[in-house]
Amino acid sequence: MSVAALRHRLASWEGAIFGLVVVSWVVASLTVDGFSDSSNLSFILIDVTEIAIMAITLTLVIIAAEIDLSVASTLGLSCAVIGYLWNAGWPIEQTFVVALCVGAVCGALNGFLVTKVGLPSLAVTIGTLALYRGLAYVIIGDKAIADFPPRYTGWATETIAGTPIPYSTLLVAVLAVIVGVLLHASPVGRAIYALGYNEEAARFAGVRVKRIKFWLFVASGVFSALAGIVYTLRFASARADNGQGLELAVVAAVLLGGVSIFGGRGTLPGVLAGVLLFGILRNALILADVSNEVLNFVTGVLLIISVLAPNLAGAIRRARSGRTPAIQATPAVSSANPTQ
Amino acid sequence: GGTTKSDVKASGAPASSGAKANPNAPIKKGLKIAFLPKQINNPYFTIADKGGTDAVKELGGTGKEVGPSDASASSQVSYINTLMQQQQDAIVISANDPNAVAPSLKQAMGQGVKVVTYDSDAAPDARNLFINQASAEDLGRTEVQQIAKQIGNKGEIAILSATPNATNQNTWIKFMKDELTKPQYSGMKLVKVAYGNDDDQKSFTETQGLLKSYPNLKGIISPTTVGIAAAARYLSSSKYKGKVKLTGLGTPNQMRKFVKDGTVDAFELWNPADLGYLGAYAAAAISSGQISGAAGEKFKAGKLGEKTIGKNGEVLLGPPTVFNKDNIDNFNF
Amino acid sequence: MSEHRTPVHPGGGHGVGDPSTLEAAPATTPGPEAVPTGGKPPARRLLDRLTRFRELGLVVAIAILFGATGAANPSFLSAQSIRDILLNASIITLLAVGQAIVIVTRNVDLSVSSITGLTAFGSGVLLADHHGLPVAVVVLVCLAIGAVCGAVNGLLVAYAKVPALVATLGTLYVYRGVDYAIAKGRQVNAADMPAGFLSLGTKQIAGIPVLVIVSAVVLVVVGWVLANLRQGRELYAIGSHPEAAVLAGIPVRRRIFAAFIVNGAIAGLAGVMWAARFGTVDATVATGKELDVIAAVVVGGVAIFGGSGTVYGAALGAVLLSSISSALAVLRVDSLAQNAINGLLLLAAIVLDRVLALRVNATLRRRRFASRRRAARGQPERGVPRPSTEGAKEVSDT
Amino acid sequence: MSDPPESTTPTSTPTLALVVVSKSFGAVRALQDVTLELYGGEVHGLAGENGAGKSTVVKTFAGVHRPDSGEVLLDGEPVVFHGPADAQQAGVAVIYQEPMLFPDLSVAENIFMGRQPRGRVGRIDRRAMHAETADLFRRLGIAMDPQQPARGLSIADQQVVEIAKALSRNARVLIMDEPTAALTGQEVARLFTVTRTLRDHGCAILFISHRLEEIFELCQTVTTLRDGRLIATEKVAELTADDLVHRMVGRELDVMYPKQDVRVGEVAFEVSRLTREGVFTDVSFEVRRGEIVALAGLVGAGRSEVARAIFGVDRWDGGRVTVAGRPLPAASPTAAMSAGIALVPEDRRLQGLVMELSIERNIGLTQLRSMRRGPLVSRRLERDRAKDWALRLRLKFARLADAVGVLSGGNQQKVVLAKWLATEPSVLIVDEPTRGIDVGTKAEVHRLLSELAAEGLAVLMISSELPEVLGMADRILVMHEGRLVAEIPASDATEEKVMAAATGRNGKTAAGNPAGDPAGNAAGNAAGNAAGNAQGSPGSTA
Ligand SMILES: Nc1ncnc2c1ncn2[C@@H]1O[C@H](COP(=O)(O)OP(=O)(O)OP(=O)(O)O)[C@@H](O)[C@H]1O
Ligand SMILES: Nc1ncnc2c1ncn2[C@@H]1O[C@H](COP(=O)(O)OP(=O)(O)OP(=O)(O)O)[C@@H](O)[C@H]1O
Ligand SMILES: [Mg+2]
Ligand SMILES: [Mg+2]
């Protein structure tokens, strides 16, 4: 990579967020008791597992200029299905398979409504957010199913022998590598970026826009269901309200990672760094006995800064070089109105 | 093939601290005891935890309240982990989900942290003691008795609960239903259990719905402080005021207005500050080795006197107080 | 040419003559049918009706809902019940109206629920701790708090160019954090508030609850402004094509800023109303309501990508959604299934809306095709290929 | 007709002027020390190759850009326009190169946005607004309903609305950036008449066009830019077309229509009875290898739609398409691409390019599969191919990693061509391939098409420019109202014949326009007039 490109990379938000991860790690280690323990590292990593899993596919969905707010409800539905079937005496492995299938169906319904019926994904997934959560209640009602096999719950909470790395982080890493390569180096990834910026032009270039989007939603559903499996095992409890309200945290993590809400821009490593930053701050603040409201506050401020900082940096750079364009020199942003 | 449920044996016995208890051991100085409510900024828990931290201060230790702002099991787990990391001596917790917090609580116990649950229990093997605010059976039955008295043992009643999977609520409701099977209540009929999700507005709307869909409704039991306040508010401004009776669990400050204006005759509650207070004393006792958590052991609980550990490691706070027009001004919480 | 036109530039004297001189153009005068401005052709009228049907559809849906529920349980249609339903809807309607203003500009405000929570608690504390404070003052203070919160959003979005979804997701957390920090676990109960204030939540004028009247007034005022003032139409222009709006000389940033402020102030008002209605307020008031509000706006036919839709639609959407909840409670639907049914109906509403929109589009296409044909016949000179000229040949021969 | 240019006497101070203005975008120096003065009562032409900086001049006048150095003078006084609103306040009306309408609003609101006539309490008087719009349209001879939404208007209609908008402002300065690019003869003629009237009333006008004959016809003075630098400002009357081209390009020009004679091979693709309801009906033709077939017709005849259907972005309702003997499935661009079809679409901003992506990514987008190494995209291959084509098409760019959006219009069009030529298609469909392209590049594109045909490519060219059609095609197909009405071999094609068919005066005309229909006759007359106008104008005879 050339020096200019490197500097460019660093000036970007992804660069900044990696920097922030390091800085917050160092600061927390120095100032917060017990932060730098290896067991604490495991806690941080385990704590963000579900968010990370859902964020991986949500990144792709947002880069494709769509959004999926139903992820947390799909997670809940997946938990409910596992709980119901497990309670009914099914083998645990089969309940996982069914849960993943249910996740796929949830994603497919989102995908169908968005790509075939042509509804805006924000509206659709607000609707399915209520629907999938509601179905979870219909399935297991007010029950809380427990007594999952310790072998599996162990995997969800334990670390790889001799390291502070939890098994669940290994899972996240494997998924991230697969999806990351898909996004950043495969033809489909190229297509996702292109259609995120300009769907029409991508279609005219032979990209199967609808098909790709449909499968992205399916993937998002499957990953959310997977997060549901991890959630069920980690808390050894399957309830209809598992993961309620988590959707905004996942969206926040993805945006924090530098993905543009308008599509087309963002990287997976950036998002993972965003998730990690989220986890570190949360953990350090709790350890330091900072109250929860401050935590929310900090999350919100960080989210705003994540977009504000690059904007301001750009403005300052421009001001320093003495040029102040009356209007930001936006290179002819495609003005196509995405609605019909 | 695969692992099925029958392969997994549930272990129900409460965890015992193993070591032999020494009833005469002094309370250790400088104990670190943390209170982990279901949700912070919840007035009920704020009062309970205040009672708890005051007790810890009395005992010469340091107490604090930490917790999530959303009542979810998953965020409680991160707090358990950090409390373990901070090497607290004891955690006094009200579990959002008895099973979900169990693995981390066990892990904490494995590191020597004592775990006392209050208000809402965790899986018995994941804690040393449970401070029971009132026996579920007592509560469930007395609520039915209360409403029966107010409506003259006749008519339709409904229950306005919190969330569908709140453990304590569901146990109470179970006992209420059981109580209703007794012959003296043959004139009463439980028509519906509604859920207000411990959300003020939802509870309010649910109350409206109840009154509309059951025009002959005579009474409502709301065993949740949020629910009873919302229901009282609706009743007080509607034509049903005084005609449809309401009872349940509420705090005097919340309900004072409605008791005085005649919307509510009587309701009951234990004193949440005492609940926290007892939790703190129990935690201190077990951390100091005075008790091990076995049934029959006794410990001193400050102003509450001596308490005995019952079966399953439960310590009972005592019977709930019934509040009515005559006594409500004596309470301020 | 017309007395309505305001001069575009101050030095009117420099202006180029009246464009009526354009008549000098040696135009073949177009046939009368070529300029369809007079009586509307039937296709047009049908189209108008269909377009208006977007809102009409909601009215019909609401009517069906009431009819069906009322048939199953007549008490649903009693005066008390209708009043309750309208009261329940009034706050979410108010929020939907504010949200629609923002969504029309191709932005969104997720932080409304936190603003409402903040002012609900704020007004509760003010009234509980300062007895004798006039209610009007409290309302003004809350409007101001809401406007300030809205202004922060507006600054971030309009001036700092932070995408609205990101900025307001951030402030959703921030405002809620502030709310928690102020409340410190405190709950303000009905008993702490003056009866005069609480009676706002129950008082009726001519049988209509005061809160409903407040919402209706806000709705009508905002609706009128959006439809009839330049500033209002400019919001639509901005949402329809932001860059073109800049080039058209619209003060885009100022307008977006203003839209957020108004929405913030409305959310602030909603907070006061919340406190008056429910009497019990703590820091968690209205948590999670933002998605309900957006759902209402979308069901109400406001395009999520801006540029089209009305606040009346948004209000009807809010009424529909909250009546669904009330109806489900009355219909004795299993509590556990209510959530799912709610979601299903929400989806059904947007799918239906989409289908109707497609119908309208199809009519539009047919009409345009027809009128193009008509134009092509009536005005044959449109679209004649460009003839070559000497100049071009010169070049080509070089 | 109009007054001869000499009769107008420009005033002594320029109404609006740029004085030694420079403007850079990053490394690109779009303008360097450019001075340009617009006088009341004069139409000032601006000529230059793609990327010469013409639109940048326009945007500087319009207040969109602020100069890095130098100043803008209004009536001789320096002014700073902080935004388009300031410029509009000062009486400057601008027609931008790309139409900028609000799709959700009515045509009338588009025209009057921000200036709607108002009644009491500031309420917009819709009645007056619609009446004024109708009035305006009548004067411009446009048949359009003021209340119809702008969404779905063709590019030509959008341009017409833009023109109406600018004229409605009663501006002192009118700036038009390629207003005629999408227009047809008669519309251009009307625009010119109106422009001259404005000029005679003292308006200062800047006019940009790649069609030099238009500059000769309309302008009194012309300024030439090359690479952001001012080359000359001269009286049009003292200039020949050759002179102007020479100033723009800086070298002698290639032949404009370098059509080579090639041996026509077997049928490359065949369309039979293709129908899309309400759009086109029963279209059948074939194109052979090595052949360039032009598809001519009026705007709205349905040519683009036929192309889109063949390529699969639109669905067809009946008929079939065969490529090299094999039938093509409907509505699948992917299938069309693997069958060897390429489509250069008509709207490059919306359909041709992803403006925010880099040049190399855009060029590579069509060949994602063939650029794989293993399952992944090879960056090396991507870059090499992009570089090859950029050089071959003489693309003007700083770095291949730059976003396409910063390129000038003509260079963007080259990127679109590159991305499709890189797929090595056997059938190339080009829809208005030279719209908004300067003469030099146009000749290059023509040369390229002709070379490709010589190599055996089958080319279907949709064009609204008759000279291009006549100069390049082996065969000319003419569409009228969604039907194919004529096929004319190049050997006996004339403008008159093509126009006759396009306006429906052909013997084979589709039903619905029987012989003797007065409209049909009028069409013929109008077309004749238009041609006469253009040819008879003084500027174009050099
Ligand atoms: N916003 C921008 N950001 C970066 N570069 C720009 C921008 N606008 C224009 N340029 C560059 O400035 C140069 C001049 O562009 P301009 O659009 O003025 O050319 P033009 O003469 O209008 O060309 P055309 O005839 O193709 O429209 C080009 O090299 C272009 O790439
Ligand atoms: N049914 C329709 N409704 C609305 N607009 C239409 C319709 N059909 C075509 N148009 C518009 O009219 C324009 C011209 O139509 P079309 O593309 O079929 O004609 P064309 O012969 O290709 O003309 P051009 O010379 O512009 O390429 C299209 O770009 C499209 O935007
Ligand atoms: Mg240009
Ligand atoms: Mg076309």
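Going by the structure above, here's the rest.
Let me sum up the structure you'll find in this document. (Residues numbered from 1 in each chain as written. Chains lettered and ligands numbered in written order. Predicted model: local features only at pLDDT ≥ 70, side-chain atom pairs only at ≥ 80, totals over all residues. Heavy atoms only, no water.)

Attention now goes to the overall build of chain C. Counting secondary structure elements, chain C contains 14 helices and 2 strands. Per-residue burial over chain C gives 59% buried out of 398 residues. Across chain C, every contact between residues at least 6 apart in sequence was considered, and the portion connecting residues at least 24 apart equals 78%. Carbon and sulfur atoms form 66% of the exposed surface of chain C, whose accessible area is close to 14600 Å². (Helix = DSSP H or I, 4+ residues; strand = E, 2+ residues; numbered from the N terminus. Buried < 20%, exposed > 50% of the residue type's maximum accessible area, 1.4 Å probe, protein only. Contact = heavy atoms within 4.5 Å. Areas by Shrake-Rupley, 256 points an atom, 1.4 Å probe, with all protein chains shown as cover.)

Attention now goes to the site of ligand 1. Residue and element names in this part refer to chain D. Around ligand 1, the surrounding shell holds 19 residues, and the nearest of these are Gly-51, Lys-54, Ser-55, Thr-56 and Val-406. Between Lys-54 and ligand 1, the recorded distance is 2.7 Å, taken from a side-chain N or O atom to an oxygen atom. Contact between ligand 1 and Glu-178: an oxygen atom at 3.5 Å from a side-chain N or O atom of the residue. If ligand 1 stood free it would expose 630 Å²; the protein chains cover 88% of that surface. (Near = heavy atom within 4 Å. Polar contact = N/O pair within 3.5 Å; in protein donor to acceptor, adjacent residues only side chain to side chain.)

Moving on, we come to the coordination of the magnesium ion (ligand 4). In this structure, Ser-304 of chain D (OG) and Glu-346 of chain D (OE) serve as the protein donors to the magnesium ion (ligand 4), at separations of 1.7 to 2.4 Å. You can see Ser-304 of chain D sitting in helix α9 (residues 303-311) and its partner Glu-346 of chain D sitting in the loop between β16 (341-344) and α11 (348-352), a full 42 residues away along the chain. (Donors = N, O, S within 2.8 Å, 3.2 Å for Na, K, Ca; no water.)

What is meant by a disulfide is a covalent connection between two cysteines, made through their sulfur atoms. On inspection of all chains with the given rule, the structure shows 0 disulfides over all chains. No disulfide involves Cys-79 of chain A; its nearest neighbouring cysteine sulfur is the one of Cys-106 of chain A, lying 12 Å away. Note on Cys-79 of chain A: relative accessible area 0%, which makes it buried. The structure places no disulfide on Cys-203 of chain D, whose sulfur is separated from the nearest cysteine sulfur, that of Cys-219 of chain D, by 13 Å. Note on Cys-203 of chain D: relative accessible area 1%, which makes it buried. (Disulfide = S-S within 2.5 Å.)

This part covers the packing of aromatic side chains. In total, this model carries 19 aromatic pairs over all chains according to the counting rule given. The residue whose ring lies beneath Lys-116 of chain A is Phe-214 of chain A, and the NZ or CZ to ring-centre distance is 5.4 Å. For Arg-233 of chain C, the ring lying beneath its charged end belongs to Tyr-236 of chain C, and the centroid distance is 4.7 Å. (Phe/Tyr/Trp six-rings, centres within 6.5 Å; stacked < 30°, edge-to-face > 60°. Lys NZ or Arg CZ within 6 Å of the ring centre and 35° of its normal.)

Looking at the magnesium ion (ligand 3), one finds its protein donor set to be Ser-55 of chain D (OG) and Gln-97 of chain D (OE1), positioned 1.9 to 2.1 Å from the metal centre. Of the two residues, Ser-55 of chain D sits in helix α1 (residues 54-61) while Gln-97 of chain D sits in the loop between β6 (92-95) and α3 (107-112), which places them 42 residues apart along the sequence.

Moving on to α1 of chain D. All names here are of chain D. Among the 8 residues that make up α1, 6 are buried, leaving the element largely enclosed by the rest of the structure. The set of residues buried in α1 consists of Lys-54, Thr-56, Val-57, Val-58, Thr-60 and Phe-61. Two residues or fewer after α1 comes Gly-63, characterised by a positive phi angle close to 85 degrees.

As a further point, take the environment of Arg-308 of chain D. On the secondary structure map, Arg-308 of chain D appears in helix α9. In this structure, the C-alpha to C-alpha distance between Arg-308 of chain D and Leu-343 of chain D, residues 35 residues apart in sequence, is 7.9 Å. Non-local contacts of Arg-308 of chain D, meaning those with residues more than four positions away in its chain, are made with Arg-203 and Phe-204 of chain A together with Val-313, Asp-314, Leu-343 and Gln-351 of chain D. Polar contacts involving the side chain of Arg-308 of chain D include one to the side chain of Asp-314 of chain D, which spans 2.9 Å.

Here the focus is the packing of helix α9 (residues 167-185) of chain A against helix α14 (residues 268-287) of chain A. Residue and element names in this part refer to chain A. Running from N to C, α9 and α14 point in directions that differ by 140 degrees, and their axes come no closer than 9 Å. Comparing their axes, α14 and α9 come out oblique. Residues Ala-176, Val-179, Gly-180, Leu-183 and His-184 of α9 lie in contact with α14, whose contacting residues are Leu-268, Pro-269 and Leu-272. (Axes fitted to C-alpha atoms, helices over the stretch in contact; angles between N-to-C directions. Parallel < 35°, antiparallel > 145°, perpendicular 65-115°, else oblique.)

It is worth stressing that arrangement in space is one thing and function is another; only the former is reported here.
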